[in-house]
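Chain and residue survey
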Amino acid sequence: MSLDAGAVRAWLGDLQERIVARLQAQDGKPFLRDAWQRGANERLQGGGVSRLVEEGNLFERGGCNFSDVQGAALPPSASAGRPELAGASFSAAGVSLVLHPRNPYVPTVHMNVRFFAAFPKGGGEPVWWFGGGMDLTPYYGFEEDAEHFHRSCRDALAPLGSDYHPRFKRWCDEYFYLKHRNEARGVGGIFFDDFGADGKVDFDHAFALTQSVGEAFTGAYCPIVERRRDLPYGERERDFQAYRRGRYVEFNLVFDRGTLFGLQSGGRTESILMSLPPIVRWRYNWQPEAGTPEARLYEIFLPPRDWV
């Protein structure tokens, strides 16, 4: 099958609707629907749909965005290392979600699936690629939750090739790492980017892999939510959650390729920064006390390990 961007866009839009339906059922509060379209004179053309909940019964803040945009020139975050694509026009479509539950025992989660096509200035065939993945950021870790999430990621990739999970799991561990802190953001998951750009896999295979990842999300995350959502917590747990959320903000604003691409390309700021948590705290040189549940996160869950 040749490049079929229309099929990708149709699947992405449907995926967003199905994921939001499942999340609304868990939360009990409807997600806001905000459809948007770029003006004729703006740098970026196209539009999308943002689905957002704030002060929900379960999610303190959460959103699931669909976007389908076109631009005159790839920004540095997307063309880095590819001199042949400098100045190329492009189209990009994707679904991206971040959920910040109120209960500190329910982990924050991120998932993204996306498709790019770049059109070199000199003409010729477009260069296309897929990217995406999902990762889990607990505040108070549970081994069975981390194992379930990683097992779901492995099972999503297994039908497409046995080598993908170890490769994408390692890529996730390396990508979601705060270099200035020398620590991981969470327990990881899977991450892949530029998949198909080198011509080593065909469009059908790359699309099927991306679909499998997107379709696996609710099964990977929602059972964890149900296990932890009613656990009692107090101010100590909320305070630690707010402190660790600071790491999430630092990563998204300093390292995240999706955030940088959106801001550099003139994307919709409200939708891009939907990923940031509503309540965050920073402290000077804070360290967890030995033997506490907070220390356990650093000792057992943040160091990369093989969870399956």
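Structural notes, computed from the coordinates. (Residues numbered from 1 in each chain as written. Predicted model: local features only at pLDDT ≥ 70, side-chain atom pairs only at ≥ 80, totals over all residues. Heavy atoms only, no water.)

Describing the nonpolar core
For the record, the criterion: The nonpolar core is taken to be a set of buried Ala, Val, Leu, Ile, Met, Phe, Trp, Tyr and Cys residues, with the residues joined through side-chain atoms within 4.5 Å. Three exposure classes are used, based on accessible area relative to the maximum for each residue type with a 1.4 Å probe and protein chains only: buried under 20%, partly exposed in between, and exposed over 50%. Contacts: residue pairs with any heavy atoms within 4.5 Å of one another.
Core analysis: the biggest nonpolar cluster contains 62 residues, and Phe130, Met134, Phe195, Leu209, Phe217 and Tyr221 have the highest contact counts within it. Ignoring anything within four residues of it in the chain, the contact list for Met134 reads His110, Met111, Phe149, Cys153, Cys172, Gly188, Gly189, Ile190, Val213, Ala216, Phe217 and Ala220. Ranked by size, the runner-up nonpolar core spans 12 residues in total, among them Trp36, Ala88, Phe116 and Trp129.

Examining the pairing of strand β5 (residues 108-119)
The line we're drawing: Helix and strand labels come from DSSP, where a helix needs a run of H or I of at least four residues and a strand needs a run of E of at least two; each type is numbered from the N terminus. Paired strands are those between which DSSP finds at least two bridges.
By the criterion of burial, β5 is predominantly enclosed, with 11 of the 12 residues buried. With 11 bridges joining them, strand β4 (residues 89-101) and β5 adopt antiparallel strand pairing. Across the sheet, the residue bridging to Ser89 is Phe119, located in β5. What sits between β4 and β5 in their antiparallel hairpin is a turn of six residues. Here 11 bridges tie β5 to strand β6 (residues 127-137), and the two strands are oriented antiparallel to one another. For Phe115, the partnering residue across the bridge sits in β6 and is Phe130.

Side note on helix α9 (residues 293-301)
Of all the residues in α9, the buried ones are Glu294, Ala295, Leu297 and Phe301. Contacts from the buried residues of α9 go to α3 (143-157) and α6 (235-254).

Section: the side chain of Thr137
Inspection of the secondary structure assignment puts Thr137 in strand β6. Given the relative accessible area of 4%, Thr137 is considered buried. Apart from residues no more than four positions distant in its own chain, Thr137 is found in contact with Pro107, Thr108, Arg185, Gly186 and Tyr248.

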